[in-house]
Each structure stands twice: as structure tokens, then as C-alpha cells.
Amino acid sequence: MHLKIVVTAGDGIGPEVTNEAVAVLKEVASLGGHTLEFDARRIGGVAIVRDGTPLPADTLAAALDSDAVLLGAVGGNEFNALPPEERPEVGLLKLRTALGGFANLRPAFAFKELEVTSPLRPEIIDGTDILFVRELLGGLYFGHPREWNRVAGEAWNTMHYTRDQVARVARIAFKLAQGRRKKLTSVDKANVLEVSQMWRATVNEVAAEFPGVTVEHQYVDAMAMHLMNQPRSYDVVLTENLFGDILSDESAVITGSLGMLPSATIGGKVNLYEPVHGSAPDIAGKGLANPLGAILTGALILRHSGGLEAEAAAIEASVRKVLELGFRTTDLARGNQQELTVLSTTEMGAKVRETIKTMLVSA
Ligand code: IPM
Ligand code: MN
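Residues numbered from 1 in each chain as written. Chains lettered and ligands numbered in written order. Predicted model: local features only at pLDDT ≥ 70, side-chain atom pairs only at ≥ 80, totals over all residues. Heavy atoms only, no water.

A. Region of interest: the site of ligand 1. Residues in contact with ligand 1, as listed here, are E89, R96, R106, R134, Y141, D245 and E274. Here an oxygen atom of ligand 1 sits 2.9 Å away from a polar atom, N or O, in the side chain of D245. Isolated, ligand 1 exposes 320 Å² of accessible area, and the fraction of that covered by the protein chains is 79%. (Near = heavy atom within 4 Å. Polar contact = N/O pair within 3.5 Å; in protein donor to acceptor, adjacent residues only side chain to side chain. Areas by Shrake-Rupley, 256 points an atom, 1.4 Å probe, with all protein chains shown as cover.)

Written as C-alpha cells, this is what we have:
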């Protein structure tokens, strides 16, 4: 297997965590005789500073010519005063649009070993295994008109979806549910928003193509609560762009840290892989960042772009093993936990590589 992976590490902790993800992928490739080619490119704040734009032309061209793109994180406090269209985040939004992936898969799961790390009680989160399918190319993020009219003291954004945009992401979510516990929860605000009413009607139409899957609809406000008091009752959760952004961060409470969550965006020309967490400028460069979300994102590259299921599963098993052995980054060392070893970002990456070697060699 040969994969050309463009790495856009970006800002803040992005470079630290993607370094570890790339090192783990290299280890897996060398053990399995696969060749992974990595091509580092700039995006976000670092690109604004060096190239004068958050998405340089060479980054975009390389990404479009690759098999997969691994993104670290974008954004930083020094850019907060910029208007939305000039911010680091625009680089990512343009990249998402150009690559075309509209279905952002965000698994949220409870690790047995991290039960005490979560502020939720173990009996509530135990066994939670949710797959969020977040629509990534529509809604408030991209709708027009959008403007902050400073003179008039008015601002607006537009939540816009076409029926086709809803149907195509719903189809992916239903297919994924078929391969899991066959339940799909669609989240909307259909008691207030026309967009949500169309969303719900379209999801119901697509549901007819998947008779084996049970569908339920939830309002987003109720969902925000149910997610915390009955997370186990969800399988696939389908929702629009902004609701998915918010609920996926909330779901990090189940896992214990935002630093644990990976994501994969599929359905377009080139798949885009990003950990769910942001650039965390407050801890950047200190060796405190948790690289496991990025490492698990690397596993998703092997699964969805390389078809290397065994290798992806080996990375996931290694992460579990490392946690089982009591190794933690600072974000995971909360709660009343004894006999833990707190590791830096690079030490944690090295631990995963060490473990994966024993797994793949003994397999
Ligand atoms: C995410 C992030 C991005 C988003 C930002 C950085 C544009 O929060 O991937 O969840 O809102 O989609
Ligand atoms: Mn987010």
C-alpha cells in the first residue's frame, strides 16, 4: 500500500500532535511494508504570517493531489481581531470546500481506563460508543448573505441547505448505522427553523431506503442534555454543521478529554483527517498536549484511505494498552487516580510506538 499524505500541522499544538501521529504512522508502515509519503504544507495562522494567506496555493494544490490530508489545528489569539474572512480558520474552511468531503465522522467513546477522568459517573458513560456524522459543507458556516455591518450595527449569517446536501450526508450516516447498532438519531431544531423542517423531512425520505435502521429525531437543545445523562442510548448521530460542532465538543466530556477525539471527513475528492480539538494556544510548545486524538486520527487515515483495517485497529489497541498501563498526558490525569505516569507529548507518542511494535510483531 502506498499513500501520499499531505500534513498541514497548522498552529498552536497542531505541529506537536501531528508529529506524533506521523511518527506512529511511519512505525506502522515500516512494520507492515507499506510506504507512506508525507508532504508538509502550511495552513492557518502560520501561513498568514509566512505567505500572507491562510491557504497558500501550493498547500491547496498538494492537498488536491494527495490521497489524504492530515490537519493539526488552526487559529491563535493573535488573529482574534481579524474579520472572519481573513482569519486562520478560513484556510481550513476553504480546504474543506476544495476537498469536497461533506460527511465529518466524529466517534465519541468511553475508554474504560478513562472513566475516572470524565466528570460523569462511570455507570452513565460505561460502554458509550457514538458516531457523530456532522454535515461539514453547509449551514451557517457557508450560507450567504453573511455580513457584519458596523455602520448599521447589524450582522447576519444564513443557515442554508439544499435537499441534496441533506440527502447525501444522511445516506452516509444510514449506511454507517447499518454496519453498527442500526440506530440513527437525527438532531435538528425543527420546532423553530425551516431549514430543520426540511432536514427532518429529507432524513425521513432517505430512511425509507434503509428499512433495517431505526430513526429518531431530537431537538438540539434536548440532545445536549440527553447526551450527558444517557450517552449509551445513541449509535449514529446525524446533524448539521454548527450543531455537530457544538455537540462533538460536548461529547468529549464522555471520553474525558477533547484531546482524545479523532475525525475523518469523507465523501469528497480527498479525505480530510483532523483531531476534533483546537490549537490550544495556552499550552502550545510546552509538551503538554495530548497527541492521542491526532494518533487516533492517523488510524482513521489507514482505515478510510488505505483500507488497512488491521493496522488501524492496532493503533487503536495500542492507545488503549498505553492507557491501561497507566500512562497519561496532563489533561487525562485528573480525578482521583493512583499509580499514573504523566507523560509529555513526545513521551506519549513514543509509548504508543513502542506498544504498537510489540502488537504488530506478535500478531
Ligand atoms: C472543528 C473546529 C472548526 C470548526 C474551526 C477551527 C473552523 O472547531 O473542526 O470542530 O468549527 O469546524
Ligand atoms: Mn469545533
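Once you've had a look at it, read on.
B. Highlighting the pairing of strand β10 (residues 236–239). By the alternation rule, side chains of β10 split into V236 and L238 and V237 and T239, which are all buried. Relative to β10, strand β8 (residues 183–188) runs parallel, the two sharing 4 bridges. Looking across to β10, one finds that V187 is bridged to T239. (Buried < 20%, exposed > 50% of the residue type's maximum accessible area, 1.4 Å probe, protein only. Helix = DSSP H or I, 4+ residues; strand = E, 2+ residues; numbered from the N terminus. Pairing = 2+ DSSP bridges.)

C. Molecular detail of the sheet that holds β10. Overall, mixed pairing links the 10 strands, which are arranged β2-β1-β3-β12-β11-β4-β5-β10-β8-β9 in an open sheet. In the strand order of this sheet, the two ends are held by β2 (35–40) and β9 (214–219), each with one partner. Taking the axes of each pair of neighbouring strands and ignoring which way they run, one obtains an average angle of 25° across the sheet. Taken together, the 7 bridges between strand β4 (residues 103–109) and strand β5 (residues 129–135) define a ladder with antiparallel strand orientation. (Axes fitted to C-alpha atoms, helices over the stretch in contact; angles between N-to-C directions.)

D. Structural context of helix α11 (residues 309–324). In this model, α11 (16 residues) spans 22 Å end to end at C-alpha, consistent with the 22 Å of a helix rising 1.5 Å per residue. Positive backbone phi, approximately 90°, marks G326, located one or two places after α11. (Expected span 1.5 Å × (residues − 1).)

E. Main features of the environment of V24. Positionally, V24 belongs in helix α1 (residues 14–32). Sequence separation between V24 and E216 is 192 residues; the distance between their C-alpha atoms is 39 Å. V24 has contacts with I295, I315, G349, V352, R353 and I356, leaving out every residue within four places of it along the chain. (Contact = heavy atoms within 4.5 Å.)

F. Representation of unusual backbone geometry in the model. In this model, H144 is joined to P145 through a cis peptide bond whose omega is 0°. Take P145: it is sitting in strand β6 (residues 143–149). We note that A280 has phi near 40°; this positive angle belongs to a residue other than glycine. In this structure, A280 sits in the loop between β12 (271–273) and α10 (292–304).

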